[in-house]
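# Breakdown of the fold
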Amino acid sequence: MLGTRISFIKESIVGQSILDIGNLGGDGKLFKELQVMFPQIIGLDNNKRLAKKLNLKNQVIGNADDLPFKDETFDTIIMAELLEHTYSPQSFISEAKRVLKTNGLLILTTPNPYALHRILRFLLKREDSIGDEDHKLFYTPNAIERLLKGFKVEITSDKLNKRYLPSLRMLGGHLCVKAIKKDI
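Described below are features of the structure shown in this document. (Residues numbered from 1 in each chain as written. Predicted model: local features only at pLDDT ≥ 70, side-chain atom pairs only at ≥ 80, totals over all residues. Heavy atoms only, no water.)

A separate point is the environment of S94. With respect to the element layout, S94 can be found in helix α4 (residues 89–99). The class of S94 is partly exposed, set by a relative accessible area of 39%. Between the alpha carbons of S94 and K149 there is a distance of 10.0 Å; along the sequence they are 55 residues apart. (Helix = DSSP H or I, 4+ residues; strand = E, 2+ residues; numbered from the N terminus. Buried < 20%, exposed > 50% of the residue type's maximum accessible area, 1.4 Å probe, protein only.)

The following block contains the structure:
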């Protein structure tokens, strides 16, 4: 059973060179947890003020669409709850692909607009919300697959028990993606 998106991320990481892009979201809570498991992990975020306040080890200031790393540097790149905050996700993906090693793993999570709880909330309460007002775009599994051309993509969702509800496996709160960079 896939639990939360956090457990999905932690259990998916491979290799020793790891980059967490947008790592200061949620005041860096996930990044702090990952640093305990993977002390060598590097975090990249564009929020200078928060980076200074949190003073985290291995923190780099930069932008996801212009990564300050050499080609094929990382075994795993994490983009947790990041893509929905930009109108230009392809530039983020292109840069991640550039710095990811061949057969490296890109881990993405993003809110699922078709989550069962969101559908029920809309039907029963007429509430239409997918979270943060800063969210710009939302993704279906098909849209993610198109965005990740050149990757071998596996998509699931969190918080629903696939053993008992296999037909509902894509209705969890977040889409959770593993994408392996292929040599083209």
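Additional details are given in the paragraphs that follow.
Another point: unusual backbone geometry. Positive phi values are uncommon outside glycine, yet N55 reaches one of about 50°. Within the secondary structure, N55 sits in the loop between α3 (48–54) and β3 (59–61). Judged by its relative accessible area of 64%, N55 is exposed. With phi around 70°, N103 is a residue other than glycine that occupies positive phi space. By the element assignment, N103 lies in strand β5 (residues 100–111).

What follows concerns the pattern of salt bridges. Considering all chains together, one arrives at 7 salt bridges under this definition. In this structure, K10 engages E33 in a salt bridge whose closest nitrogen and oxygen atoms are separated by 2.6 Å. Pair noted here: K10 is in helix α1 (residues 5–12) and E33 is in helix α2 (residues 29–37), with a separation of 23 residues, a long-range link. Ionic pairing is found between K29 and E33, a salt bridge with its closest N-O pair at 3.8 Å. Here the residue K29 and the residue E33 both occupy positions in helix α2, the gap between them amounting to 4 residues, near one helical turn. Linked through salt bridges whose partners overlap, the residues forming this network are K10, K29 and E33. (Salt bridge = Lys/Arg side-chain N within 4 Å of Asp/Glu carboxyl O.)

Function-wise, these values are silent; they only describe arrangement.
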